[in-house]
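Here is how the chains run, residue by residue.
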Amino acid sequence: MFLIISGFISILCAWKWGDWKNWRQYLSTIQYFIIGDMLYNLFTQDFPLWNYPSPPNLLPNHLFNNLFIMFIIYPSTLLIFLYRFPKRNFFKQLVYILFWVFLWAVFEFFMGYYGLFVYHHGWTYSWSIFFASIMVLMLLLHYKHPLWAYMLSVPITVFFLFWFHVPILAGK
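So, a few notes on the structure that sits alongside this text. This structure is a prediction, so every number in the text was calculated from the model and none was measured. Within each chain, residue numbers correspond to sequence positions counted from 1 in written order. For a predicted model such as this one, the threshold for reporting local features is a pLDDT of at least 70, and the threshold for listing and counting side-chain atom pairs is 80 or more; totals across whole chains, interfaces and linings nevertheless cover every residue. Computation of side-chain values: all heavy atoms of the structure, hydrogens and water removed.

**Some words on helix 4 (residues 90–113)**
Note the cut-off: Each helix is a run of H or I in the DSSP string that is no shorter than four residues. Each strand is a run of E no shorter than two, and both are numbered from the N terminus. Multiplying 1.5 Å by the residue count of a helix minus one yields the expected span of that helix. Throughout, exposure labels follow a simple rule: accessible area from a 1.4 Å probe, protein chains only, divided by the maximum for the residue type, with under 20% read as buried, over 50% as exposed, and the rest as partly exposed. Whether two residues touch is decided by their heavy atoms; if any such pair falls within 4.5 Å, the residues are in contact. Contacts described as polar in this section are N or O atom pairs within 3.5 Å, which, within protein, must combine one atom able to donate a hydrogen with one able to accept it, while residues neighboring in sequence count only if both atoms come from side chains.
With 24 residues, helix 4 should reach 34 Å at 1.5 Å per residue; the first-to-last C-alpha distance of 34 Å fits that figure. Among the residues making up helix 4, those that are buried are Q93, Y96, I97, W100, V101, W104, A105, F107, E108 and M111. Buried positions along helix 4 lie against helix 1 (2–17), helix 2 (23–43), helix 3 (62–84), strand 2 (118–119) and helix 5 (125–144). Between a side-chain oxygen at the N-terminus of helix 4 and the backbone nitrogen of F91 the separation is 3.0 Å; the capping residue is N89. Directly beyond the C-terminal end of helix 4, a positive phi value near 75 degrees is found at G115.

**Description of the packing of helix 4 against helix 5**
Worth spelling out the cut-off: Axis definition: a line fitted to C-alpha atoms, limited for helices to the stretch in contact. Angles are taken between N-to-C directions and run from 0 to 180 degrees. We call two directions roughly parallel when the angle between them is under 35 degrees, roughly antiparallel when it is over 145, roughly perpendicular when it lies between 65 and 115, and oblique otherwise. Crossing handedness follows the turn of the near helix against the far one: under a right angle anticlockwise gives a left-handed crossing, and clockwise gives a right-handed one.
Contact pair helix 4 / helix 5: the axes reach a minimum separation of 9 Å and the direction vectors enclose 135 degrees. Classed by the angle they form, the pair helix 4 and helix 5 counts as oblique. Helix 5 is crossed by helix 4, and the crossing has right-handed handedness. Note on element contacts: helix 5 touches helix 4 through Y125, S128, I129, A132, S133, M135, V136, L137 and L140, opposite I97, W100, V101, W104, A105, V106, E108 and F109.

**Looking at the nonpolar core**
Definition in use: Only buried residues count toward a nonpolar core. Its members are Ala, Val, Leu, Ile, Met, Phe, Trp, Tyr and Cys residues joined through side-chain atoms within 4.5 Å.
The biggest cluster of nonpolar side chains holds 46 residues, and the ones touching the most others in it are L3, L49, F81, W104 and M111. Where this core is concerned, the elements lending two or more residues are helix 1, helix 2, helix 3, helix 4, helix 5 and helix 6 (146–163). Counting residues per element, this core draws most heavily on helix 3, which supplies 10 residues. Those residues in contact with M111 that sit more than four places away from it in its chain are F2, L3, Y52, I69, L116 and F117.

**Topic: the side chain of S10**
Locating S10 in the fold gives a position in helix 1. Since its relative accessible area comes to 8%, S10 is described here as buried.

**Remarks on the packing of helix 1 against helix 4**
Contact geometry for helix 1 and helix 4: axes closest at 10 Å, N-to-C directions at 155 degrees. Accordingly, the angle class assigned to the pair helix 1 and helix 4 is roughly antiparallel. Residues F2, L3 and S6 of helix 1 form the contact with helix 4, whose own contacting residues are F107, F110 and M111.

Nothing here speaks to function; it is geometry throughout.
Here it is in structure tokens:
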């Protein structure tokens, strides 16, 4: 139920604080975020670093939970995050970035607390916070300079695949 409530809250927050009027302006970054998550699921389908198991009588499995997060929570939060990012003042920008990393960390903490987020193969909560820090910066970079974000995404992805020994080329 926590996941459904989180989705509902993220929609309400986006409705109140997001830039729905100009949603197309953020669409490519929303798609970048979703595609990155889809690639994670593709590369790690037989060797997940984390997954979203389901308690009975809710969304049936990792796939449904992940799709719910991808298509409800990601777009809602990005409509707020990108729209409200301070245009000037480095200190305010830094605090804003840290605030969003904190929000993602709290969300994941509660997902783990309720058994909706489980770590595997060496991934830990600390890795998630590190990844959230990179993710927030990459989303900003994509919004401002998409090509740079795509170019940097490749070595970052390769790093994580090698660091965690993800066997992406291994057959079943």
